[in-house]
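Chain by chain, the residues:
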Amino acid sequence: MAALKGRAGYSVIGDKSAEFYKDPITFVNWRIKEYDSRVFLSRLLNKPTVFVGTINGVKELTGAKNRHFDMGYRAFLQPVFGNNIMFETPAEAARLHQVIHRLYGAQTVPSVKNLIQRLTEKHFSNLDKSHCVSVYTLFKRFATEFSLELFLGLDAEKHPDLTESIIDVTTTHWHGIISVPLTVKMSMFSSSYGRALEAKDKLLGIIRDKLAHTKDGSSLQSLTEAGFQTAEELEQHTLLFTSALVPKAIASMLTSFLIATGGSEKEILRQQAAEDADCLNHILLEVERLWPPFLGGRRLTLEDCVIDGFKIPKGYAVVYITHAAHRDPTIFPQPETFKPERWKDRTSEASNLLFTFGGGVRSCVGTALMKTTLQTVCRYLVEHYNWRIPAGQDLSYKWLPVSRPKDNTVASFTPRLPQETSTTNST
Ligand code: HEM
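Everything numeric in this text was worked out from a predicted model, so none of it was measured. (Residues numbered from 1 in each chain as written. Predicted model: local features only at pLDDT ≥ 70, side-chain atom pairs only at ≥ 80, totals over all residues. Heavy atoms only, no water.)

S.K.: Where do I start with the sheet that holds strand S10 (residues 385-388) in this structure?
M.R.: Across a sheet, paired strands are connected by hydrogen bonds in the backbone, their directions being either parallel or antiparallel. An order of S5-S13-S10 is seen for the three strands of this open sheet, with the pairing classed as antiparallel. Across the chains shown, the open sheet's two edge strands, defined by having one partner strand only, are strand S5 (133-134) and S10. Summarising the sheet, S5 and strand S13 (residues 410-415) pair through two bridges and their orientation is antiparallel. Residue pairing for S13: Ser134 is matched across the bridge by Val410. (Pairing = 2+ DSSP bridges. Helix = DSSP H or I, 4+ residues; strand = E, 2+ residues; numbered from the N terminus.)

Right under this line is the structure:
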C-alpha cells in the first residue's frame with residue numbers, strides 16, 4: 001500500500017480552501033506534478049482531504065468502496081437546500097432514488113421528448129444571423145424554461161411573469177450557494193448567504209402553491225403520486241431540481257459543445273455529426289470528458305479504507321476531481337486533446353470511464369434524460385447551422401461553481417445551405 005503524498009497541515013492555519021476555490025485546476029495540477037501522484041493529501045474546509053484524480057480511484061470511491069463513505073455536502077449545503085437525497089444515508093438515499101427514478105429515470109424519456117423538441121425549436125430555430133449570440137446566456141434560458149416546465153409544469157409562454165419571478169428567486173438563491181464554501185470558513189452569515197436563505201423560503205412557497213393546485217393528469221400530479229413520504233419531502237426535492245443547478249449544468253455542456261465544434265476547421269466534423277448519430281455521440285462523450293460541468297464530488301470516510309492503493313484514515317474527507325480523472329493519461333492518451341474519435345470502439349466503456357454524472361449507487365438519477373436533452377439540442381444545431389467563434393475572445397475556463405468560459409463567449413451562426421442539409425433531411 002502506498003503512503004499518501006502531500007500534507008494535511010495544521011488546523012485552520014494549514015487550510016488551503018482559499019487557494020483551492022480561487023483556481024481549483026491550478027491547485028490540483030500543481031500538486032499532481034509536485035507529488036508525481038494523482039492521489040494526494042491536503043486540507044480543505046479545514047479537514048484533512050484526499051484528492052482523487054484517477055479513473056480507478058473514482059471508480060472505487062463511487063462503486064465497490066462506496067459503503068465506507070458518507071456524502072460530504074450536508075455541513076455546507078443543507079442550510080441552503082434543505083433536506084434532500086444529496087445528504088442522506090445509504091438506506092434513505094436508496095428509497096429516494098427509487099421514487100425520483102420513477103419520475104425522471106430513463107423510462108420517462110419518451111414522454112419528455114416532445115417538450116425537449118418544442119423548446120429546442122422555440123429557442124434555436126431563429127438564431128440571429130446578423131449579430132453574434134452570447135452562447136451561455138442562450139443555452140441557460142433554454143435550460144431554465146426546460147427545467148421549470150419539467151419539474152414545476154410551468155409553461156413560460158403562458159406564465160411569463162411567474163417565470164421571471166422564479167428566475168429572480170433562483171438567481172438570488174444560487175448566489176448564496178456559491179458564497180458558501182468560503183463563508184463556511186469565516187462565518188455563515190454573509191449578506192448573499194442570508195438572501196439565499198430568504199430566496200429558498202420564497203421558492204418553497206411557490207413550489208408549495210403549485211403543488212397544492214395540481215390538475216388531474218398534469219405532470220405535477222405525477223410528482224405528488226410518486227411515493228414521497230411527506231409533502232415536505234416532495235417540496236424539498238422539487239426545490240433541488242428547480243434551483244439553478246440543473247439549468248447551469250445543461251448550459252455548461254451545451255456551451256462547451258458549441259465551442260469545441262465551432263469554426264471552419266470543424267465543418268466536416270459538424271457535417272458528420274449531422275449525418276451520423278454515432279459521431280454526434282462521440283463528440284458529446286468527449287465534451288463530457290474534457291468539460292464536466294461539476295468539478296467533482298465530496299465524501300467523508302466512515303472507516304479506514306484503501307482507494308487506488310492509498311490508505312485513507314477514518315474521518316478524512318475525500319474529493320474526487322472529475323476534471324483530473326478524465327485526464328488520467330493511463331486511460332486517455334493525449335488527455336488534453338479533443339478527440340471524439342477516441343470513443344469509436346469504446347462507447348460501451350464510457351459509463352465506466354466518465355464521471356460527469358457521478359458513479360455507482362449515488363450516480364445521477366437524471367442521466368438518461370440529460371443525455372437525450374443534450375443530443376436533441378446538439379443534433380438540431382448541427383443539422384440547421386454552421387457557426388464560428390470569432391477570434392480575440394478569452395476562451396479560458398472557470399470551473400466553479402460550474403465549468404464555463406470566464407468571459408461570455410459569443411458565436412455567430414449561419415443557416416446550413418439546402419444541399420448541406422439534404423442528406424440529413426432524407427434520413
Ligand atoms: C447536465 C445535468 C446534470 C449533471 C451534470 C448532473 C450531475 C450529477 C452528479 C455528478 C451527481 C453525483 C454527485 C456525487 O457523486 O456526489 C448527481 C447526482 C444526482 N443527480 Fe444529477 N446531474 C444533472 C441533472 C440532473 C437532473 C435533471 C436530475 C433530476 C432528475 C438529477 C438528479 C440527481 C439526483 C437525485 C442525484 C443524487 C443521487 C444520490 O445522492 O443518490 N440530476 N448528478
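After that view, the rundown keeps rolling.
S.K.: Mind showing me how you'd approach the coordination of the iron atom of the ligand here?
M.R.: The reference angle at a metal is 109.5 degrees if four donors form a tetrahedron and 90 or 180 degrees if six donors form an octahedron. For the iron atom of the ligand, the protein contributes exactly one donor atom, Cys364 (SG), at 2.2 Å. Along the polypeptide, Cys364 turns up in the loop between helix H17 (350-353) and helix H18 (367-384). (Donors = N, O, S within 2.8 Å, 3.2 Å for Na, K, Ca; no water.)

S.K.: Would you take a moment to explain the confidence of the model for the protein chain for this structure?
M.R.: The predicted coordinates of low-pLDDT regions are not to be read in fine detail. Per-chain confidence: the protein chain averages 93 in pLDDT, with 95% of residues scoring 70 or above. Predicted confidence for residues 422-427 stays below pLDDT 50, and this span has six contacts to residues more than four positions away or in other chains. (pLDDT = per-residue confidence, 0-100. Contact = heavy atoms within 4.5 Å.)

S.K.: Hey, could you run me through the pairing of S13 in this one?
M.R.: Every regular strand shows the same layout, with side chains that alternate between the two sheet faces. Direction of pairing for S10 relative to S13: antiparallel, over a ladder of four bridges. Bridging from a neighbouring strand, Tyr385 pairs with Pro415 of S13.

S.K.: What's the story with the pattern of salt bridges in this structure? I'm lost.
M.R.: Opposite charge on two side chains allows them to pair when their charged atoms are near. Tallied over the full model, the rule gives 17 salt bridges. Close ionic contact of Glu157 with Lys122 constitutes a salt bridge, the shortest N to O distance being 3.0 Å. Taken together, the residues Glu157 in the loop between helix H7 (135-152) and helix H8 (160-178) and Lys122 in helix H6 (residues 109-124) connect sequence positions 35 residues apart. Judged by relative accessible area, Lys122 falls into the partly exposed class, the value being 35%. The partner of Arg208 in a salt bridge is Glu235, and the shortest N-O contact between them spans 3.1 Å. Residue Arg208 is found in helix H10 (residues 191-212), and its partner Glu235 is found in helix H12 (residues 231-242); the two are separated by 27 residues along the sequence. When salt bridges that share partners are traced, they join Lys122, Arg141, Glu145, Glu157 and Glu164 into one network. (Salt bridge = Lys/Arg side-chain N within 4 Å of Asp/Glu carboxyl O. Buried < 20%, exposed > 50% of the residue type's maximum accessible area, 1.4 Å probe, protein only.)

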